[in-house]
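Residue-level listing of the chains:
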Amino acid sequence: MALSRLSLRSNRFLRPSTTAAALPSSIRRRVSTDTTPITIETAVPFESHLCDAPSRAVETSSAEILSFFRDMARMRRMEIAADSLYKSKLIRGFCHLYDGQEALAVGMEAAITRKDAIITSYRDHCTFLGRGGELVDAFSELMGRKRGCSNGKGGSMHFYKKDACFYGGHGIVGAQIPLGCGLAFAQKYSKEEFVTFTLYGDGAANQGQLFEALNIAALWDLPAILVCENNHYGMGTATWRSAKSPAYFKRGDYVPGLKVDGMDALAVKQACKFAKEHALKNGPIVLEMDTYRYHGHSMSDPGSTYRTRDEVSGVRQVRDPIERVRKLLLSHDIATEKELKDMEKEVRKEVDDAVAQAKESPVPEPSELFTNMYVKDCGVESFGADRKELKVTLT
Amino acid sequence: MDFEQSLRRTRSASVSARSYAAGSKEMTVRDALNSAIDEEMSADPKVFVMGEEVGQYQGAYKITKGLLEKYGPERVYDTPITEAGFTGIGVGAAYAGLKPVVEFMTFNFSMQAIDHIINSAAKSNYMSAGQINVPIVFRGPNGAAAGVGAQHSQCYAAWYASVPGLKVLAPYSAEDARGLLKAAIRDPDPVVFLENELLYGESFPISEEALDSSFCLPIGKAKIERQGKDVTIVTFSKMVGFALKAAEKLAEEGISAEVINLRSIRPLDRATINASVRKTSRLVTVEEGFPQHGVCAEICASVVEESFSYLDAPVERIAGADVPMPYAANLERLALPQVEDIVRAAKRACYRSK
């Protein structure tokens, strides 16, 4: 099966391309701030469509790889904590978790700036964090509190951070794709040298509006990068059951594409860097990120009726993005096992503190029911369930 | 000039001046809309136009005539026939702070893009607690034309006006067209702007004030087109013309009808409507669209709830027939409100026999 072939390859290439002698800890440099460039080769080659694939040699640094570890560990812990909170009924409605896919969020951020835009689906918690969102704002939003990033009015699927050019958080499958192309349109219109990454799943990849938006993006040379997070299941439907052609990176037809090992943060970084350069010069490009989610589609889905537990644990053992980075850090002597474990403990405490803080946060005032409908209210009236009881003039 | 200043300069929403200055100008609705878009594009570089045939073809109904020539292809975009795609792109551009004016060749085609109008545009400011506002205008002809059949004749006023987060406007005269479209383009919220194909060619007198580039009408204020004391007739768009004709006929029979032009379907000017009904005690509502769950139903409910003790007769609704629009001319006539329907309803409300 494809997954086991990958595991052999990844073991072979985790050995550093430049051998680093193991130094005694007493004279080893403090590596968390070491930004000396080092080059790591990706385990899996890129596959390309209508373009030349970027090099597998990724420029990075100890500091960067360490930051990948910390950021992914934080994202992982956040999602696990959300799982718990949902089961204790503190989170309601829909909750779509991203654990397993963290490499995508951190790899992308490493390649771009906060002026490049990102827009994604409802599986948005980690993307929000990647854009600089705070843990306590995320947990507060999930629990419907005032402190939430959307003041408790959005919920899990509607996180936004406009000051970091993160445009949400969208519940309608595929809608974010034309919206993302619109963000790219605005960037081009304003003559800014920035790009938009619009993320969608293998399920959304079949949506007609994708092809409509991509057609316009290609015609008008918009700096739009369509990123298919192929986690192989659209809710409970495997890709082979929903797509006649599951080669999502090729489905842009006249638009170039790249297939990327989405569980390798460095490969993701390389691909996003390549895509940004491409989009600024040549218009849209499609990136297919081969990734995996450990949880089901949402908290209502055990995720085991359409895939075997062996498959899930297999991916966890062989392709887990955090474990891969851990191995890299250890084999390059960037950090010791203890240092990494300590880091994970710190992250766990960070998350636990944020959850505790969010739990204390109050719910929105009842008057918030009627706020933010319009920027310019112009004396609009709004009504509660009993209009004779609750009527408000928006000002 | 900022919006507040221009607002203070506009007339209040009460009585329209019936005397026109000697040698006053006339303007078609088409020219009114064209000039409004032109002026707003000139004033704000973030405003751009997008839609099918809006550029090189000069607009399917010539509303965007001359704009491509004047502003170039970076302000006027011809799109492929892909409403879901280009509407989503327009909304995304608005997220980023641009001010798109998206044209639907008719609002029937907006159904292909309705998810973006409602879920991507209308609800975003609320869901993001004010982070993402959407300063977009969706405009185009709405309702029946002549002989275009069932798929090209629906009125969408009721559908869009039911959505919190949208503003829905429906101009009647050239002054309405100019003032409301300029207000819509300047507005920081998503606006659905429902025009009428059959009104495009109609000429209306237009004041100097309305011709000024700073002219703007307030959103959410109805206009009393004709004062009266016996019965209130409330309507919007093309039906305003029919209601005015009906008022003339009623006047000949001694019934004084007050005609209210809504201008704004959402927000709905309940205050003006109710104040009028409290004066006349009788209500006739008129719309072109399907009768069930229509705009008229909302107005009737509002009046019954707020002015029940003032009513001297049951509220009346005149609407399109409860059928898909037929093609044959005689059937089409039966499917749409006619002046005689409005007259009959007003007489019923006045307990007058035919």
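These figures come from a predicted structure and were not determined experimentally.

A. How the structure looks around the UniProt feature "domain: Transketolase-like pyrimidine-binding" (unreviewed entry) in chain B. Mapped onto the present numbering, the UniProt feature "domain: Transketolase-like pyrimidine-binding" (unreviewed entry) falls at residues 27-202 of chain B. Annotation note: span residues 27-202 of chain B, helix share 36%, strand share 16%, distance between end C-alpha atoms 8 Å.

B. How the structure looks around the nonpolar core. By size, the foremost hydrophobic cluster in this structure holds 80 residues, and its most contacted members are F185 of chain A together with F138 of chain B. Per element, the largest residue contribution to this core is eight residues, and it comes from helix α6 (residues 176-189) of chain A. The contacts of F138 of chain B, once residues within four sequence positions are left out, are T87, V91, V102, F104, F107, I117, A121, P190, V191, V192 and F193 of chain B.

C. Focus on helix α14 (residues 339-349) of chain B. Along α14 of chain B, eight of the 11 residues are buried, which leaves the element largely enclosed by surrounding structure. As for α14 of chain B, its buried residues are in contact with β10 (231-235), α10 (238-252), β13 (283-286) and β14 (316-318) of chain B.

D. Representation of unusual backbone geometry. Between R266 of chain B and the following residue, P267 of chain B, the backbone shows a cis peptide bond with an omega angle of 0°. With respect to the secondary-structure elements, P267 of chain B resides in the loop between β12 (264-266) and α11 (270-280). Phi at L50 of chain A takes a positive value of approximately 60°, unusual for a residue other than glycine. Checked against the element boundaries, L50 of chain A lands in the loop between β2 (47-49) and β3 (57-61). What makes L50 of chain A exposed here is its relative accessible area of 56%. A positive phi is found at D333 of chain A, a non-glycine position, where the angle reads about 55°. Relative to the elements of secondary structure, D333 of chain A occurs in the loop between α11 (321-331) and α12 (337-360).

E. View of the interface of chain B and chain A. Facing 54 residues of chain B, the contacting portion of chain A comprises 46 residues. For the pair chain B and chain A, the summed buried area comes to about 4,100 Å², and 62% of that belongs to carbon and sulfur atoms. Our count for the contact surface shared by chain B and chain A stands at four salt bridges. Across the pair E381 of chain A and R270 of chain B runs a salt bridge, and its minimum N-O distance is 3.3 Å. In this structure, the connection of chain B to chain A is made through 23 residue pairs in polar contact (both at pLDDT 80 or more). Taken together, the elements giving at least two residues each to the side of chain B that touches chain A come down to α1 (3-9), β2 (47-51), β3 (76-78), α4 (83-95), α5 (114-122), α6 (124-127) and α12 (295-307) of chain B. Each residue belonging to the side of chain B that touches chain A can be placed in one class, and the counts come to 25 nonpolar, 14 polar and 15 charged.

F. Quick peek at the sheet that holds β12 of chain B. Residues and elements named next belong to chain B. Strand order in the open sheet formed by seven strands is β3-β2-β4-β5-β7-β6-β12, and the pairing between neighbours is mixed. The open sheet has two free edges, formed respectively by β3 and β12, since each of these has just one partner strand. The average undirected angle you get between the axes of adjacent strands in this sheet is 20°. Contacting β2, β4 (99-103) and β5 (137-141), α4 runs over the sheet at an angle of about 165° to β4.

G. Representation of the pairing of β13 of chain B in the model. Residue and element names in this part refer to chain B. Burial along β13 is two-sided: L283 and T285 and V284 and V286, pointing in opposite directions, are all buried. One ladder, built from three bridges, connects β10 with β13; its direction is parallel. Counterpart to V234 in the pairing with β13 is T285. Taken together, the three bridges between β13 and β14 define a ladder with parallel strand orientation.

H. Broad picture of the environment of E26 of chain B. Residue and element names in this part refer to chain B. Looking at where E26 falls in the secondary structure, it is placed in strand β1 (residues 25-28). On the accessibility criterion, E26 (53% relative accessible area) is exposed. E26 sits 176 residues away from E202 along the chain, and the two C-alpha atoms are 9.8 Å apart. Those residues in contact with E26 that lie beyond four places of it in its chain are S203, F204, P205 and I206.

I. Highlighting the sheet that holds β13 of chain B. All names here are of chain B. Strands sit in the order β9-β11-β10-β13-β14 across an open sheet of five strands; the sheet is mixed. A single partner strand is all that each edge strand has here, and the edge strands are β9 (223-226) and β14. Sheet twist, expressed as the mean angle between neighbouring strand axes with direction ignored, is 25°. Here β10 runs beside strand β11 (residues 257-261); their pairing, made up of five bridges, is parallel. Bridging across to β11, I233 finds its partner in V259.

J. Up close: the pattern of salt bridges. All names here are of chain B. Evaluated as defined, the whole model comprises 52 salt bridges over all chains. In this structure, the salt-bridge partner of D187 is K167, at a minimum N-O distance of 2.9 Å. Of this pair, D187 sits in the loop between α8 (174-186) and β7 (191-195) while K167 is found in strand β6 (residues 167-169), placing the two residues 20 residues apart along the sequence. Of the two residues, D187 and K167, neither departs from the other in class, the shared state being buried.

K. Layout of the packing of helix α3 (residues 102-111) of chain A against helix α9 (residues 265-282) of chain A. All names here are of chain A. Where α3 contacts α9, the two axes come as close as 7 Å, and the packing angle between them is 45°. Put simply, α3 runs oblique to α9. In the packing of α3 onto α9, the handedness of the crossing is right-handed. Residues A103, L104, V106, G107, M108, A110 and A111 of α3 form the contact with α9, whose participating residues are A265, V268, K269, C272 and K273. Classifying every residue of the contact of α3 with α9 by side-chain character gives nine nonpolar, one polar and two charged.

L. How the structure looks around α8 of chain B. All names here are of chain B. Look at α8: 18 Å from first C-alpha to last across 13 residues, which is about the 18 Å you get at 1.5 Å a residue. The buried fraction of α8 is high, at 12 of 13 residues. Listing the buried residues of α8 in full gives A174, E175, D176, A177, R178, G179, L180, L181, K182, A183, A184 and I185.

M. Examining the UniProt feature "domain: Dehydrogenase E1 component" (unreviewed entry) in chain A more closely. As annotated in UniProt, the feature "domain: Dehydrogenase E1 component" (unreviewed entry) corresponds to residues 70-366 of chain A in the numbering used here. Counting secondary structure, residues 70-366 of chain A comes out at 46% helix and 10% strand; the distance between its end C-alpha atoms is 38 Å.

N. Structural view of the pairing of β5 of chain B. Residue and element names in this part refer to chain B. In terms of residue burial, β5 counts as a mostly covered element, since five of its five residues are buried. Pairing of β4 with β5 involves three bridges; the strand directions are parallel. Counted as the bridge partner of V101 is V137 from β5. Relative to β7, β5 is paired through five bridges, and the arrangement is parallel. Directly across from G140, in β7, lies its bridge partner L194.

What counts as what
- Residues numbered from 1 in each chain as written.
- Chains lettered and ligands numbered in written order.
- Predicted model: local features only at pLDDT ≥ 70, side-chain atom pairs only at ≥ 80, totals over all residues.
- Heavy atoms only, no water.
- UniProt positions renumbered as here; feature names shortened; annotations may be inferred.
- Helix = DSSP H or I, 4+ residues; strand = E, 2+ residues; numbered from the N terminus.
- Core = buried A, V, L, I, M, F, W, Y, C linked by side-chain atoms within 4.5 Å.
- Buried < 20%, exposed > 50% of the residue type's maximum accessible area, 1.4 Å probe, protein only.
- Contact = heavy atoms within 4.5 Å.
- Buried area = accessible area lost by both parts, 1.4 Å probe.
- Salt bridge = Lys/Arg side-chain N within 4 Å of Asp/Glu carboxyl O.
- Polar contact = N/O pair within 3.5 Å; in protein donor to acceptor, adjacent residues only side chain to side chain.
- Nonpolar A, V, L, I, M, F, W, Y, C, P; charged D, E, K, R; others polar.
- Pairing = 2+ DSSP bridges.
- Axes fitted to C-alpha atoms, helices over the stretch in contact; angles between N-to-C directions.
- Parallel < 35°, antiparallel > 145°, perpendicular 65-115°, else oblique.
- Left-handed = near helix turned anticlockwise from the far one by under 90°.
- Expected span 1.5 Å × (residues − 1).

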